Amino acid sequence: LPDKVSVTSQDMIEHVSVITDPTTTINQKVWDTIREGLYKSRSVVIHYRAPGYDEAAIRLIDPLHLVGHHGEWYLLCFSHHHDEVRVFALNRIPKARLDRSRFQRPDDFRAEDYIDPGFGVFVSEERTEVTVRFDGEAAYRIPERNWHHGQTIEKLDDDSIIVRFTTNQQSQVLFWAAQWGPNAEILAPPELRERAAQWFAQTARRYDNV
């Protein structure tokens, strides 16, 4: 869309529907605190409840970048406990308060070094080229969208296609390919292909008695 769009409220009510991803619930006070810390370069003390844990751990963080992805909001920040940049899901932060200290935002910080803006927010995965083969209906539907800014699509003689791009989000590629069922096959990298084989084999075993 252009920078400015004019519509009437009546048009929006009668002629437009938007179906979004399911959204997580974020404490409004947490959101306001993180936002203030982000724009004023103030450190923030958060209570973070990691998946699988009932108790929240207290962490001092320097907020650097907010990422909205598939109905969730994530915070890229410098964690003083881990002494490195980490990602925290905002819906897993029940409490947050501004710390008295201020921080100097790193001049060389780039969100793209930790995430892939087009594909996901896992920060601990290596950047690599992925290759996925699509056939059947997926081979016709995949080219209709720009899934990744660096994607290339090669059409094969049997009407299947090969999609390639470089990303640091291998887990997200696995989830993406899974949406297309048997019409998608991860070809590379080898470790992701092996991971997919194990994952789908375990899934198939759940349906052995069907």
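Predicted model only: the values in this text are computed from it and were never measured.

1. Digging into the nonpolar core
- Among the nonpolar cores identified, the biggest contains 25 residues, and Ile-34, Ile-46, Ile-61, Leu-75, Leu-76 and Leu-90 are the most heavily contacted of them.
- Contributing elements (two or more residues each) for this core: helix H2 (28-40), strand E1 (42-48), strand E2 (57-69), strand E3 (72-79) and strand E4 (84-89).
- Setting aside anything within four residues of it in sequence, one finds Ile-34 in contact with Val-44, Ile-46, Pro-63, Leu-66, Leu-75 and Leu-90.
- Of all hydrophobic cores here, the second largest spans 20 residues; its members include Phe-134, Val-173, Leu-174 and Trp-176.

2. Here's the deal with the sheet that holds strand E8 (residues 161-167)
- Here we have 4 strands laid out as an open sheet, ordered E7-E8-E6-E9, and antiparallel in their pairing. Edge positions in the sheet fall to strand E7 (152-155) and strand E9 (184-188), since each of these pairs with one other strand and no more. For this sheet, the mean angle separating the axes of adjacent strands, direction not counted, is 25 degrees.
- In this structure, E7 lies alongside E8, joined through 4 bridges in antiparallel fashion. The residue bridging Glu-154 from the neighbouring strand is Ile-162, located in E8.
- Its contacts with the sheet put helix H4 (residues 170-178) on strand E6 (128-134), E8 and E9, and the angle it makes with E6 is roughly 5 degrees.

3. Concerning the environment of Trp-73
- Relative to the helices and strands, Trp-73 is located in strand E3.
- Beyond its immediate sequence surroundings of up to four residues, Trp-73 is in contact with Ile-26, Trp-31, Leu-66, Val-67, Gly-68, Phe-88, Ala-89 and Leu-90.

4. With respect to the packing of H4 against helix H5 (residues 190-205)
- At a minimum axis separation of 11 Å, H4 and H5 run at an interaxial angle of 50 degrees. In terms of their interaxial angle, H4 and H5 are classed as oblique. Seen from above, H4 lies across H5 with right-handed handedness. Contact residues: Gln-170, Ser-171, Val-173, Leu-174, Phe-175 and Ala-178 in H4; Glu-191, Leu-192, Arg-195, Ala-196, Trp-199 and Phe-200 in H5.

5. Describing the side chain of Arg-42
- Looking at the element boundaries, Arg-42 is found in strand E1.
- Buried charge without a partner: Arg-42 forms no salt bridge, and the closest opposite charge is Glu-36, 5.1 Å away.
- Of the polar contacts made by the side chain of Arg-42, one reaches the backbone oxygen of Asp-99; its length is 2.9 Å.

6. Observations concerning H2
- Over its 13 residues, H2 runs 18 Å from end to end, which matches the ideal 18 Å to within 8%, given 1.5 Å per residue.
- Of the surrounding secondary structure, the elements contacted by the buried residues of H2 are E1, E2, E3 and strand E5 (95-102).
- The opening residue of H2 is Asn-27, an N-cap whose side-chain oxygen sits 2.8 Å from the backbone nitrogen of Lys-29.
- Looking one or two residues past H2, Ser-41 carries a phi angle of roughly 55 degrees, positive in sign.

Parameters at a glance
- Residues numbered from 1 in each chain as written.
- Predicted model: local features only at pLDDT ≥ 70, side-chain atom pairs only at ≥ 80, totals over all residues.
- Heavy atoms only, no water.
- Core = buried A, V, L, I, M, F, W, Y, C linked by side-chain atoms within 4.5 Å.
- Buried < 20%, exposed > 50% of the residue type's maximum accessible area, 1.4 Å probe, protein only.
- Helix = DSSP H or I, 4+ residues; strand = E, 2+ residues; numbered from the N terminus.
- Contact = heavy atoms within 4.5 Å.
- Pairing = 2+ DSSP bridges.
- Axes fitted to C-alpha atoms, helices over the stretch in contact; angles between N-to-C directions.
- Parallel < 35°, antiparallel > 145°, perpendicular 65-115°, else oblique.
- Left-handed = near helix turned anticlockwise from the far one by under 90°.
- Lys, Arg positive; Asp, Glu negative; His and termini not counted.
- Salt bridge = Lys/Arg side-chain N within 4 Å of Asp/Glu carboxyl O.
- Polar contact = N/O pair within 3.5 Å; in protein donor to acceptor, adjacent residues only side chain to side chain.
- Expected span 1.5 Å × (residues − 1).

By themselves, these are just geometric observations and shouldn't be taken as functional.
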